[in-house]
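A look at the structure
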Amino acid sequence: MYETVVFRGKDQSLNRFFTDYARPRPEFYGADMARAQGEVKVWKQIAAAEQSGWVDTDRWLRQGSWATTQAIPVDLNACLYQLECVLAKAYDATDQPTYATSMRNLAQARKELMQKTLWNERSGVYQDYFWDTQSFSKHTSLAGGYALWAGIATEAQAKRMAMQWKSLVIDFPLQPTTIRLLAQSAWITIQGFHRYGMTEEAQRWSDQIRRLIDQSWNEIPMEDQAVVGAIYISLGR
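Because the structure is a prediction, the values reported are computed rather than measured.

A short note on the overall build of the protein
- Along the protein, the regular secondary structure elements total 9 helices and 9 strands.
- At 19 Å, the protein has a C-alpha radius of gyration in line with the 18 Å of a compact globule built from 237 residues.
- Counting only C-alpha atoms, the protein reaches 50 × 45 × 40 Å along its principal axes.
- Across the 237 residues that make up the protein, the buried fraction comes to 46%.

What about the side chain of S52?
- Tracing the sequence through the fold places S52 in helix α2 (residues 40-52).
- Among the polar contacts listed, one links the side chain of S52 to the backbone oxygen of A49, at a separation of 2.6 Å.
- A polar side-chain atom of S52 sits 3.1 Å from a polar atom in the side chain of W60.
- Setting aside anything within four residues of it in sequence, one finds S52 in contact with F17 and W60.

Some words on the sheet that holds strand β9 (residues 135-136)
- Read from one edge to the other, the open sheet built from 3 strands follows the order β5-β8-β9, with strand pairing classed as antiparallel. The open sheet is flanked by β5 (71-72) and β9, the only strands paired with a single partner.
- One ladder, built from 2 bridges, connects strand β8 (residues 129-130) with β9; its direction is antiparallel. Looking at β9, one finds that Y129 is bridged to F136.

Observations regarding helix α9 (residues 222-235)
- Under the 1.5 Å per step criterion, the end-to-end length of α9 is 20 Å for 14 residues, consistent within 8% with the ideal 20 Å.
- Where α9 is buried, its residues contact α7 (179-195) and α8 (199-216).

Conventions adopted
- Residues numbered from 1 in each chain as written.
- Predicted model: local features only at pLDDT ≥ 70, side-chain atom pairs only at ≥ 80, totals over all residues.
- Heavy atoms only, no water.
- Helix = DSSP H or I, 4+ residues; strand = E, 2+ residues; numbered from the N terminus.
- Rg over C-alpha atoms; globule rule 2.2 N^0.38 Å.
- Buried < 20%, exposed > 50% of the residue type's maximum accessible area, 1.4 Å probe, protein only.
- Polar contact = N/O pair within 3.5 Å; in protein donor to acceptor, adjacent residues only side chain to side chain.
- Contact = heavy atoms within 4.5 Å.
- Pairing = 2+ DSSP bridges.
- Expected span 1.5 Å × (residues − 1).

If you want it as structure tokens, here you go:
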């Protein structure tokens, strides 16, 4: 359990993707064998990347090497923050104030540590952070939009992100198999723009991702079309 935790000081921690699975994934055996090139430790990094949904991108590469478990991801921690907030409300609703306070404190501590660790003041966006080298990822990932969606960002930070992301960010090779990931990540960022009252930015991104889906629809794998189609419809309302 603690292997998914990255301690950032006394009683301060964030989470990472981690797994002990150190073998090629059966369904992608050939691809994983080629990626690892004989290095068993790479399979663990690839399996951890699979948990994130970003395995077909270069988000987890650092100087050409896989470093998934060395990264503190923005999206994972934003989702956990939201979960802690939801649990706090659930405990309030069931008259369990002690547990509600505990969850609220955990959420606040995570939010504060995300601000200290994952906000890149120089680039003006939230970015993954490599805890072992104490450096930000060089990839400006759409996962940073989760900080807007979750309400982590301040108003000033949200405005800076909107200035940096004036148009749809495509930060990985666009292939039929990655359209779903792009659509999901863009949808999250668009909800974040709405949360901070940035309707113009939200509409611009919505129009762009819908056009891209229109252009790519016939190439999108059948198993992804239900999710991508639902996103397309929701953004047109």
